[in-house]
Amino acid sequence: MIILMICSTRLGFSTRLLGYRRNLSTACMDDVLFEVKNDVGIVTLNRPKALNALNTSMVVKIKPKLKEYESLVRMVIIQGAGGKAFCAGGDVKSITENGPGAKSLELGTNFFQHEYSVDSMIGKSKIPYVSLIDGITMGGGVGISVHGKYRVATERTLFAMPETAIGLFCDVGGSHFLSRMDKHLGVMLGLTGCRLKGSDVAKAGIATHYVHSSKIDGLRAKLIEDVRDPGTVLAENTDDLDAVEFTMAPFVEKIDSIFSHERVEAIVDALRTDGSEWALGILKTLSEVSPTGLKITRKEILKGKNLSLDECLLMEHRLAYRSTEAKYSTDFYEGVRALLIDKDRNPKWCPASLEEVKDEIIDKYFEPLSNDKELQLS
């Protein structure tokens, strides 16, 4: 009788475990969806409960599919499921939750290598690549959209590169596109993680087109049905923003002057000298994010202006490797802990101030890796 009960219990546990594994496998299989309609490849990021945040499973699947589509379809459309987010970023929590160590470094290296490879493929795509960035579009979500030819924003779009708040730097090609934005706006967005909404995303040049979210389904259908050049279809079916003012317009000249400085300390001094309510708000933000992340971000944007996208991604992979390795600072782990794991929003940065972050240490982040660890791009 006792033996029978034990066997029954074990059978029940095994059945539940098998069911869990099936559910887990299904979830991994369905985290990104692919279909072809009228010679258009459609990629749907399908983790709506996680705001479609990219994980390793997703980027591993996207890379070969984009390569396949180049010879199979006339255009790619990428979108997010759920209505709230296109893609809220990379799933860095899964990389760092075990703390610094060999396992985290392995997970991080694997993820960043695949993610940056996808970003590179998008930038070099031989066919039109259309991103429907309806909803939250941050970090990794920017990487899989901004390097493509067309990006369509809506009033629900919320853009940000918030990496300095988690002790990281602006990656996924951030050093490339932020360095090319007008009036040093990209420097400000990269250092502060400042959010842009709706039409501002298009006015800043991050999106190429804008349409109300109520029309996004119709726009997608027209892109699929109409075999003309997608640029023509988009021009005919999106909104003219010429009469819409960029809400940051009153601050553009200040941004251009203040964020043109090559050292973060000089930017901080210029903001203090300005002393306006706007400047004090920016100063508060900069005081809360990682000092190491700030200095790495400013340097990578300076370098990125004269580099190709692939060269930027190679540089950023070195930065990501060393941030995950945590040899010089554990800020990446501390930032994710404070913002995403414990959610106390009280990170203890180390070093704790800009003055303590030595240039020679920042320089080490940018040094080449050994050949077996460098990012390999085709």
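Heads up: the structure comes first, above all this text.
On a predicted model such as this, the values are computed, not experimentally measured, just so you know. (Residues numbered from 1 in each chain as written. Predicted model: local features only at pLDDT ≥ 70, side-chain atom pairs only at ≥ 80, totals over all residues. Heavy atoms only, no water.)

Enquirer: Give me empty space enclosed by the protein: which residues, what numbers.
Expert: Under the definition given, this model contains two cavities of 30 Å³ or more. If you add up the space inside the largest cavity, you get close to 70 Å³. For the lining of the largest cavity, the secondary structure elements donating two or more residues are α2 (56-70) and α4 (102-123). Among the residues forming the lining of the largest cavity, the class breakdown is six nonpolar, one polar and one charged. Each pocket or cavity is described by its volume, and for the second largest cavity that value is around 50 Å³. Contributing to the lining of the second largest cavity are Gly167, Leu168, Thr292, Gly293, Ile296, Ser323, Ser329, Asp331, Phe332 and Tyr365. Elements supplying a minimum of two residues to the lining of the second largest cavity: α14 (291-304) and α16 (331-341). At three residues, the largest contribution of residues to the lining of the second largest cavity is made by α14. Of the residues that constitute the lining of the second largest cavity, the class distribution is four nonpolar, five polar and one charged. (1 Å grid on protein atoms, 1.4 Å probe; cavity = no way out; pocket = protein on both sides within 12 Å on 5 of 7 lines; lining within 4 Å. Points joined across faces, edges and corners; volume = space filled by probe spheres on them. Helix = DSSP H or I, 4+ residues; strand = E, 2+ residues; numbered from the N terminus. Nonpolar A, V, L, I, M, F, W, Y, C, P; charged D, E, K, R; others polar.)

Enquirer: Summarise the pairing of strand β5 (residues 129-133); cite the residues concerned and give the values.
Expert: Counting buried positions along β5 yields five of five residues, so the element is predominantly enclosed. Because side chains alternate across β5, one face comprises the buried residues Tyr129, Ser131 and Ile133, and the other comprises Val130 and Leu132, equally buried. Note: strand β3 (residues 75-80) against β5, three bridges, orientation parallel. Counterpart to Val76 in the pairing with β5 is Tyr129. Relative to strand β7 (residues 150-153), β5 runs parallel, the two being bridged by four bridges. Bridge pairing in β7 places Ser131 opposite Arg151. (Buried < 20%, exposed > 50% of the residue type's maximum accessible area, 1.4 Å probe, protein only. Pairing = 2+ DSSP bridges.)

Enquirer: Tell me what's going on with the packing of helix α12 (residues 264-274) against helix α13 (residues 277-288), and back it up with residues and numbers.
Expert: Think of two packed helices as two axes; the pair is described by the angle between the axes and how far apart they sit. Two numbers describe how α12 lies on α13: the axes approach to 8 Å, and their chain directions differ by 145°. With respect to the hand of their crossing, α12 and α13 are arranged in left-handed fashion. Here α12 contributes Val268, Leu271, Arg272 and Asp274 to the contact with α13, which in turn contributes Trp278, Ala279, Ile282, Leu283 and Leu286. Split into classes, the residues belonging to the contact of α12 with α13 amount to seven nonpolar, no polar and two charged. (Axes fitted to C-alpha atoms, helices over the stretch in contact; angles between N-to-C directions. Left-handed = near helix turned anticlockwise from the far one by under 90°. Contact = heavy atoms within 4.5 Å.)

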